[in-house]
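Examination of the molecular architecture
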Amino acid sequence: MPATVTSISPRRTSGPGRPQPPPRRRPFRDSPKLILAGIAVLVGVLIALLAIANGTSRFSPDFLSEFVLYALSAADLTMLAALLFVLARNIIKLVVERRKALPFARFRAKLVALLLVMTFVPSVLVLIVGSELIRTSVDRWFNAPMEEILTSANKIASDYYHERQMLVSDHAARIARSLGAVDLSGTNVRPIRDLLAPDVTLQRVQLVEVYRVTLQAPAFGSLPNLEPVVDVAAPALPPGYSRAAADRLAAQALSSGSTTPGASETSSIESLGASGDLLHAAAVIRGKDGRPTGVVVATDYLTGELAVRSRSMSQAFEKYNQLRVLKRPLTGVYLSFFLGVTLMILVGATWMGVYMAKRITGPVQMLAAAAREIGAGRLDQRVEPQSHDEFGSLVEAFNSMASELASSRRKVERSTIELERKHLEVEGRRRYIETILERITTGVVSIDAAGTITMINSAASRLLTLNRQIIGQPAFAVFDRIDLQPIAKLVAGAGRAKDEAPAQEIAIARDGQELHLAVAATALAGDSGAPEGVVLVLDDVTPLIRAQKVAAWREVARRLAHEIKNPLTPIQLSAERLRKNFSGAPPHARALIEECTTTIVGEVESLKGLVDEFSQFARMPSPRTVPSDLAQLITDTIALYNGLFTDVSIEQRFAPGVPLVRLDPEQMRRVIINLVDNAIEAMERRGRIVVETQLDGANSLVRVVVADDGPGIPPAERDKLFLPYYSTKRRGSGLGLAIVRRIIAEHGGSIDVGDNVPRGTRFTIELPC
Amino acid sequence: MRGAGPDITVTPIARDGQLLVSFDLSDGFTDEVRDAIQSGLSTTFSYDVELRRSATLFDRTMASVTVTATVRFDNLTRRYQMSRSFDGRVEDARPTDDRNAVKAWMTHFERIPVSATSALEVNGEYYVRVRAHTQPRTALFFWPWGGAVLGHAKFTFIQ
């Protein structure tokens, strides 16, 4: 017997305030007690049918046709209805299940159909054959010889009775006629007895009873009164004889004779059971005037054996005829028996087939449904096992699997949460590092073990003038550029070096300027010591080097000014003393002295001016910044050039919305004058100068641009422009642009030089705002 | 009693404060019935006589009486023993050897009292329904029910 698995249900976790649902009750139809009771009822009905079938021979035909046939037909119809109901219900159910594409619907339909066919075919065949046998058997009951024998036997007995009845009637009539002349009203009955005695003595009749009509007037509608007069009986009459039947017959004869004169005779048969039959015949005694005066009842006696045999023959004939008359219902009785058993088998088999199919597919359906639920992620689904057979074990295994799955899923979920947390943490760190890498001015380039560039930050991209598209390309190809080849050597050396190599300074040209980079290549190694790549760190040390140079030059200027300025005054005083002392000298000598001393004093003055500039460069004060209107400052400064250079035009363009900038107005005015002077000199006092301001709000910068359309500066000389004592002019100390850069640097800004479009030079100052 | 042949003629009359119903079953004494009687089976014609009044949904039965006529033939003595009963009470019994008398005994009934006229509404419309069936039945196998013969007669009670 397959397992009984009736339901799947999610396993709920109990908690405070959460009532446990009541356990699911087993469906009523799955109750073993009910099944056993049903089987017992079926067996009981079957036994009852068999008992009734065995007892049909003892039942009367009319009982069989009136009661048994009805009961069987009702039972058959009930079972047929049950069969049709079970079949229709399950067929509809199977069709619906198939339309809904429920799992195992097709298998279940096939199983039910197979079981039904296996049951129906033999049952119907047996029913057909059995029915035909019953019909044939019933037909054989009524064969011609048997009917002829029974009819003849009944006719013999009946004729015999009829003849004896006729004889008795004749005797009664004869006696009545003979008594017509006798006065029945008298008290002397001897003459009557004498008259009757010969009939009894000669055994013509066994009993003669004479009644006389009383004179009392009868009431309307009632029979005339009769009074027994005399009776003569033979000694052979059985002891159970009574007068009652003769009295009734006499009254009946008198009644019918009174109303119908021709029908003055009647007869009856009184059965004495095993003692025999009495044949009564009554005749009305009529007087001379034709009026009834009495009634005579003659009785003949048929002995017990004769009567019993006659009755038996008649009963056999009647039974035969009754069977023939009730042939169809009796056939129906036996067919009903057979049909009932067949239907019972069909109902039982159908129900059992459906039940078995359900019991077989039910647990599998439950498991399939639970598997789908689990597949959908509802791992708390369980199947409730209700048996301990193989299906029960399967269900237990399934539930264990579901529990393991649920446990594993919980672990996975916990691990996933932990991983997500770590991932977020790592992602945060990555973004943090990425932000740092993007924001720092130090360039970083990562190269993996295969020599492929995996990362380059903005600073490195800017310093090395490489775009981000180099990511994924081989480092040796990227650093194969002439100016980057020193880096390629560092990368190669880092891969081979055992210890961390110190940073190296390399110079590369960028936009015509020399860029000094401190590059450190660090080899990365994994936990196992295997190389995992190289990280390049680049620092722009150009400003540092420039500052170092400026500082060095400032020191040189300070010492130079100190060493040169000290002897200048004595030299100048000595020269003036010589000119004074030799003012009285001869004109030729005095002219020579005058010329020499004048030259000495003039050159000393020139040297003093040079020394002053050196001193100013070396001892430039810190700027005293105040919020200033840059446009106004530029306008005021450019106004100094009005009318000085007729062939030079100075155009001013001010960007709107430029805020006040904290700067030292005097130093900034000097910067602008220096740049404008340089431009005028470069244009040889003929051309166009543009001074403009630009606002870079994104970077909080204000740019001041001084552009000319002069001959421009070769790129190779641009980096040297801001070094002290470098000048392209025939005159000048070469400290102007060095001072300008220093002023701008001390304002927190920067100055750069480039080509102007379409020609000329373009100085760009960036100041924080 | 099967087929379209049998019919019951019903005649109600009101006399002496009683509703009397006479009815006659024609073509009901079939060969099958005769065979059943001649075979010695106790054969009964049962008549349910109902006085009914029409209603919208279900007609109402005002009064009813069940009349049965039974006959049994003795093949030995060739006599019929007949009896009649009303609502289960045997009212008459007699022997006969006349087949026609048997037929009349079984199928013809005169003035059967069904109800007192005091229970009837003057000018009310009624009908008497007589339903007859025989026993034993010689119906076909598997559907032994049915086979009753119906007859009815409408009348308006006028006092």
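As the structure is a computational prediction, the values presented were derived from the model and not from experiment.

Scanning chain B for helices and strands turns up 2 helices and 9 strands. Of the regular secondary structure in chain B, the N- to C-terminal order runs β-β-α-β-β-β-β-α-β-β-β. Residue burial in chain B is summarised as follows: out of 159 residues, 34% are buried. Of all intrachain contacts in chain B linking residues separated by at least 6 positions in sequence, the fraction that spans at least 24 positions is 61%.

With that settled, consider the overall build of chain A. Scanning chain A from terminus to terminus reveals 18 helices and 19 strands. Classification of the 769 residues of chain A by burial places 27% in the buried group. Excluding contacts between residues fewer than 6 apart, the proportion of contacts in chain A whose partners are at least 24 apart in sequence is 66%.

Residue and element names in this part refer to chain A. Two elements in contact, helix H4 (residues 144-178) and helix H7 (residues 304-325), have axes whose closest approach is 8 Å; the angle formed by their N-to-C orientations is 140°. Here H7 runs oblique to H4, going by the angle between their axes. The way H4 lies across H7 gives a crossing that is left-handed. Residues Met-146, Glu-147, Leu-150, Thr-151, Ala-153, Asn-154, Ala-157, Ser-158, Tyr-160 and Tyr-161 of H4 pack against Ser-310, Met-313, Ser-314, Ala-316, Phe-317 and Tyr-320 of H7.

Turning next to the interface of chain B and chain A. Listed by partner, the interface residues are 20 residues for chain B and 28 residues for chain A. The element contributing the most residues to the side of chain B that touches chain A is helix H1 (residues 31-38) of chain B, with 3 residues. For the side of chain B that touches chain A, the per-class residue count stands at 10 nonpolar, 7 polar and 3 charged.

Time to look at unusual backbone geometry. For the bond running from Val-757 of chain A to Pro-758 of chain A, omega is 10°, close enough to zero to count as cis. Here Pro-758 of chain A shows up in the loop between strand S18 (750-755) and strand S19 (761-768). For the peptide bond that leads from Gln-135 of chain B to Pro-136 of chain B, omega is 0°, which places it in the cis range. Assignment of secondary structure puts Pro-136 of chain B in the loop between strand S8 (125-135) and strand S9 (149-156). One non-glycine residue, Ser-700 of chain A, lies in the positive phi region at around 55°. Residue position: Ser-700 of chain A is located in the loop between strand S16 (687-696) and strand S17 (701-708). A positive phi angle is found at Arg-78 of chain B, which is not glycine, with a value near 60°. Within the secondary structure layout, Arg-78 of chain B lies in the loop between strand S4 (60-74) and strand S5 (79-86). A tally of 15 C-beta atoms within 10 Å means that Arg-78 of chain B is categorised as partly exposed.

Right, let's talk about the nonpolar core for a bit. Core analysis: the biggest nonpolar cluster contains 51 residues, and Val-333 of chain A together with Val-21, Val-49, Val-71, Met-106, Val-130 and Ala-132 of chain B have the highest contact counts within it. Residue contributions to this core peak at 12 residues, all from helix H8 (residues 327-375) of chain A. Counting residues in hydrophobic clusters, the runner-up holds 40 residues, among them Val-702, Leu-735, Ile-744 and Phe-763 of chain A.

Here the focus is the environment of Thr-156 of chain B. Considering the arrangement of structural elements, one finds Thr-156 of chain B in strand S9. Every residue in contact with Thr-156 of chain B, bar those within four places of it in the chain, is listed here: Asn-123 and Glu-125 of chain B.

Residues and elements named next belong to chain A. Put simply, chain A has an average pLDDT of 82, and 90% of its residues get 70 or more. Mean pLDDT values over the elements of chain A span from 47, in strand S1 (residues 5-10), up to 95, in S17. The model gives residues 10-22 a pLDDT under 50, and that stretch makes 6 contacts with residues more than four places away or in other chains. The model gives residues 260-264 a pLDDT under 50, and that stretch makes 6 contacts with residues more than four places away or in other chains.

Residue and element names in this part refer to chain A. Along strand S2 (residues 207-213), 7 of the 7 residues are buried, which leaves the element largely enclosed by surrounding structure. Residue alternation in S2 divides its side chains into two sets, Leu-207, Glu-209, Tyr-211 and Val-213 and Val-208, Val-210 and Arg-212, and both sets are buried. Here S2 pairs with strand S6 (residues 292-303) via 6 bridges, running antiparallel. Opposite Val-208, over in S6, you have Ala-298 as the bridge partner.

Right, let's get into the sheet that holds S16 of chain A. All names here are of chain A. Taken together, the 5 strands give an open sheet; going across it, the order is S14-S16-S17-S19-S18, and neighbouring strands pair in mixed fashion. If you trace the sheet from one side to the other, it starts and ends with strand S14 (648-653) and S18, each paired once. Averaged over all neighbouring strand pairs, the angle between strand axes comes to 15°, with direction disregarded. Bridge count for S18 against S19 is 6 bridges, and the pairing is antiparallel. Looking at S19, one finds that Ile-751 is bridged to Ile-765.

With respect to the element layout, Glu-66 of chain A can be found in helix H2 (residues 61-99). Considered as a pair, Glu-66 of chain A and Leu-330 of chain A are 264 residues apart in the sequence and their alpha carbons are 9.7 Å apart. Once residues within four sequence positions are removed from consideration, Glu-66 of chain A is found in contact with Gln-135 and Pro-136 of chain B.

Bringing H1 of chain B into the picture now. All of the buried residues in H1 of chain B are Val-33, Ala-36 and Ile-37 of chain B. Within H1 of chain B, the buried residues cover an arc of 100° as seen down the axis, which keeps them to one side. Tucked inside the fold, the buried residues of H1 of chain B contact H7 of chain A together with strand S3 (43-53), S4 and S8 of chain B. Looking at the residues trailing H1 of chain B, positive phi occurs at Gly-40 of chain B, about 90°.

If a strand is regular, its side chains alternate between the two faces of the sheet. Residue and element names in this part refer to chain A. Two elements, S14 and S16, share 6 bridges in a ladder whose sense is parallel. Bridge pairing in S16 places Gln-652 opposite Val-691. Pairing of S16 with S17, which is carried by 8 bridges, proceeds in the antiparallel orientation. Bridging across to S17, Val-690 finds its partner in Ala-707. Linkage of S16 to S17, two consecutive antiparallel strands, is achieved through a turn of 4 residues, within which Ser-700 is found at a positive phi near 55°.

Glancing now at helix H9 (residues 390-439) of chain A. Because an α-helix packs 3.6 residues into every turn, residues spaced three or four apart end up facing the same way. All names here are of chain A. A rise of 1.5 Å per residue sets the reference length of H9, with its 50 residues, at 74 Å; its end C-alpha atoms lie 70 Å apart and thus fit the reference within 8%. Counting buried positions along H9 gives 4 out of 50 residues, so the element sits mostly on the surface. All of the buried residues in H9 are Phe-391, Val-395, Phe-398 and Ala-402.

Scored by pLDDT, chain B comes out at a mean of 88, with 91% of its residues at no less than 70. Per the prediction output, this complex has pTM 0.52; the corresponding ipTM is 0.81.

The next subject is the packing of helix H16 (residues 665-682) of chain A against helix H18 (residues 736-746) of chain A. To describe two helices that pack against each other, one gives the angle between their axes and the distance between the axes. Residues and elements named next belong to chain A. Two elements in contact, H16 and H18, have axes whose closest approach is 10 Å; the angle formed by their N-to-C orientations is 145°. Between H16 and H18 the crossing geometry is left-handed. Residues Gln-667, Arg-670, Val-671, Asn-674, Leu-675 and Asn-678 of H16 form the contact with H18, whose own contacting residues are Gly-736, Val-740, Ile-743 and Ile-744. For the contact of H16 with H18, the class distribution of residues is 5 nonpolar, 4 polar and 1 charged.

Cut-offs applied
- Residues numbered from 1 in each chain as written.
- Chains lettered and ligands numbered in written order.
- Predicted model: local features only at pLDDT ≥ 70, side-chain atom pairs only at ≥ 80, totals over all residues.
- Helix = DSSP H or I, 4+ residues; strand = E, 2+ residues; numbered from the N terminus.
- Buried ≥ 20, exposed ≤ 12 C-beta atoms within 10 Å, placed from the backbone.
- Contact = placed C-beta atoms within 7 Å.
- Axes fitted to C-alpha atoms, helices over the stretch in contact; angles between N-to-C directions.
- Parallel < 35°, antiparallel > 145°, perpendicular 65-115°, else oblique.
- Left-handed = near helix turned anticlockwise from the far one by under 90°.
- Nonpolar A, V, L, I, M, F, W, Y, C, P; charged D, E, K, R; others polar.
- Core = buried A, V, L, I, M, F, W, Y, C linked by C-beta atoms within 7 Å.
- pLDDT = per-residue confidence, 0-100.
- Pairing = 2+ DSSP bridges.
- Arc of directions from axis to C-beta.
- Expected span 1.5 Å × (residues − 1).

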